[in-house]
Amino acid sequence: MIDPFGRRITYLRVSVTDRCDLRCVYCMAEDMTFLPKAEILSLEELERLCGAFIRLGVRKIRLTGGEPLVRRNIMSLINTLGREVADGALDELTLTTNGTQLSKHAAGLAAAGVRRINVSLDTLDAAKFKAITRWGDMAKVLDGLAAAKDAGLAVKINTVALKGVNEDEFDRLVEWCGAQGFDLTFIETMPMGDVDGDRTDQYLPLSLVRHHLAQRWTLTDSDHRTGGPARYVDVAETGRRIGFITPMTHNFCESCNRVRITCTGTLYMCLGQDDAADLRAPLRASEGDETLARAIEAAIARKPQGHDFIIDRRHNKPTIARHMNVTGG
Ligand code: SAM
Ligand code: SF4
């Protein structure tokens, strides 16, 4: 699959559920209304959909959500996709998780062929964790991370940089990740979905984060790429990498190789644009995958050149109305 701007689409992110056991303040409102179950693709339908993308040239799949590990029987989908990795049809199967269920699933993930995972953790302070996630228990995530390490999974921590919330902890996070053997990526807040607070208060440009870190750590630009939008630096003192994902201040669209599907089978060609294609209807229209494959190709043919995120400071409205848990991070 090659889009109109010559970019080869090889990376599929799949949101397997819009549900979550946490309510991070930048991601969800406290009283989120989740989708009716009937609208959500079954695990068998998700399998067929992923299979169709793999046959069209996708080499890497990331499962996300909502929280992927709260979806009932999610391990059956993970095991099926893991077999595609074992057969060489897929280079990588990975997931982004909040870590609360990792104690239970880490060994199963490793056995299925998952080699690395992203775990979201914005703070190392239990009280702050509870405040950011509205009720989460940080100890569960730390136990989950220990289980991931024991299972041999490589871990990257994703930390959303939040002004006035966790900015005093960045050095500690770098140190802790170094000691644990985890990589660390900072993410700028993106204006997606109506949440309860004021976005302009949360936004912290990563250029400032990097500037702050450079006072304490020796940072060197790195050529490392994971096929994602992060740009990396090496940290001499810890021997680990730090990534920066800066949708607001840096345009990473030129090298975009990915598309996203929601748990209802809607294909978004760009995280920051509203254009989408419904794949649930072609998926359910026939048992063969021909109609589905044509619908995917037609959608890729209109993948836009790039996004245009802006926090509207006058109206304080998100530029993209759907929540992050719908499209997946
Ligand atoms: N529940 C899983 C988790 O938290 O890792 C997977 C889904 S979550 C939507 C994926 C990533 O998106 C997380 O790292 C989260 O911190 C990030 N995220 C959510 N809302 C965001 C926002 N408004 N701006 C930037 N990142 C956001
Ligand atoms: Fe749940 Fe992840 Fe969103 Fe937090 S960021 S509410 S863990 S989906």
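Trainee: Teacher, can you tell me more about the nonpolar core here?
Mentor: Nonpolar side chains tend to gather and get buried jointly when the protein is soluble and globular. Grouped together as the largest cluster of nonpolar side chains are 94 residues, with contacts concentrated most on Phe53, Ile61, Leu63, Ile78, Ile157 and Leu213. Among the elements that take part in this core, helix H1 (residues 43-55) stands out by supplying 7 residues, more than any other.

Trainee: Would you explain the layout of surface pockets in this entry?
Mentor: Leftover empty space is mapped by rolling, across the atoms, a probe with the size of a water molecule. Roughly 250 Å³ of internal volume is contained in the largest pocket. If you go around the largest pocket, the residues you meet are Thr17, Arg19, Lys37, Ile40, Leu43, Val70, Arg71, Arg72 and Asn73.

Trainee: Help me understand the state of the cysteines in this model?
Mentor: Under the counting rule described, the total for this entry stands at 0 disulfides. Free cysteine: Cys256, not disulfide-bonded; nearest cysteine sulfur from Cys270 at 6.7 Å. Residue classification places Cys256 among the buried positions, given a relative accessible area of 14%.

Trainee: Where do I start with the environment of Lys104 in this structure?
Mentor: Of note, Lys104 is situated in helix H3 (residues 102-112). For the pair Lys104 and Ala148, spaced 44 residues apart in sequence, the C-alpha to C-alpha distance is 9.8 Å.

Trainee: What is the right way to read the site of ligand 2 from this model?
Mentor: Contacts to ligand 2 come from Cys20, Leu22, Arg23, Cys24, Cys27, Met28, Gly66 and Asn98. Taken together, the residues of the shell around ligand 2 sort by class into 5 nonpolar, 2 polar and 1 charged.

Trainee: What's the story with unusual backbone geometry in this structure? I'm lost.
Mentor: The phi torsion of most residues other than glycine is negative, and most of the peptide bonds are trans. In this structure, Asn73 takes a positive phi of about 60° despite not being glycine. When you line up the elements, Asn73 lands in the loop between strand E2 (60-64) and helix H2 (74-86). Non-glycine residue Arg134 carries a positive phi angle of around 75°. By the element assignment, Arg134 lies in the loop between helix H4 (126-133) and helix H5 (138-150).

Trainee: So what exactly am I meant to see when it comes to the side chain of Thr264 here?
Mentor: Within the fold, Thr264 resides in the loop between strand E10 (258-261) and strand E11 (266-268). At 2.9 Å, the side chain of Thr264 forms a polar contact with the side chain of Thr262. The contacts of Thr264, once residues within four sequence positions are left out, are Leu35, Glu39, Leu41 and Arg280.

Trainee: Could you clarify how one ought to interpret the confidence of the model for the chain in this entry?
Mentor: Close reading of the predicted structure is inappropriate where its pLDDT is low. Looking at the chain as a whole, the pLDDT averages 90, with 88% of positions reaching at least 70. Considering only residues more than four positions removed or in separate chains, one finds that residues 310-315, a stretch of pLDDT under 50, has 10 contacts.

Trainee: How should I be thinking about empty space enclosed by the protein in this particular structure?
Mentor: This model, assessed by the stated rule, comprises 2 cavities of 30 Å³ or more. Taken as a whole, the second largest cavity encloses approximately 30 Å³ of empty space. Taken together, Val174, Cys177, Gly178, Phe182, Leu184, Val235, Thr238, Arg240, Arg241 and Ile242 make up the lining of the second largest cavity. Every element with two or more residues in the lining of the second largest cavity is listed here: helix H6 (170-180) and strand E9 (241-245). Ranked by residues supplied to the lining of the second largest cavity, first place goes to H6 with 3 residues. When its residues are assigned to classes, the lining of the second largest cavity shows 6 nonpolar, 2 polar and 2 charged.

Conventions used here
- Residues numbered from 1 in each chain as written.
- Chains lettered and ligands numbered in written order.
- Predicted model: local features only at pLDDT ≥ 70, side-chain atom pairs only at ≥ 80, totals over all residues.
- Heavy atoms only, no water.
- Core = buried A, V, L, I, M, F, W, Y, C linked by side-chain atoms within 4.5 Å.
- Buried < 20%, exposed > 50% of the residue type's maximum accessible area, 1.4 Å probe, protein only.
- Helix = DSSP H or I, 4+ residues; strand = E, 2+ residues; numbered from the N terminus.
- 1 Å grid on protein atoms, 1.4 Å probe; cavity = no way out; pocket = protein on both sides within 12 Å on 5 of 7 lines; lining within 4 Å.
- Points joined across faces, edges and corners; volume = space filled by probe spheres on them.
- Disulfide = S-S within 2.5 Å.
- Near = heavy atom within 4 Å.
- Nonpolar A, V, L, I, M, F, W, Y, C, P; charged D, E, K, R; others polar.
- Polar contact = N/O pair within 3.5 Å; in protein donor to acceptor, adjacent residues only side chain to side chain.
- Contact = heavy atoms within 4.5 Å.
- pLDDT = per-residue confidence, 0-100.

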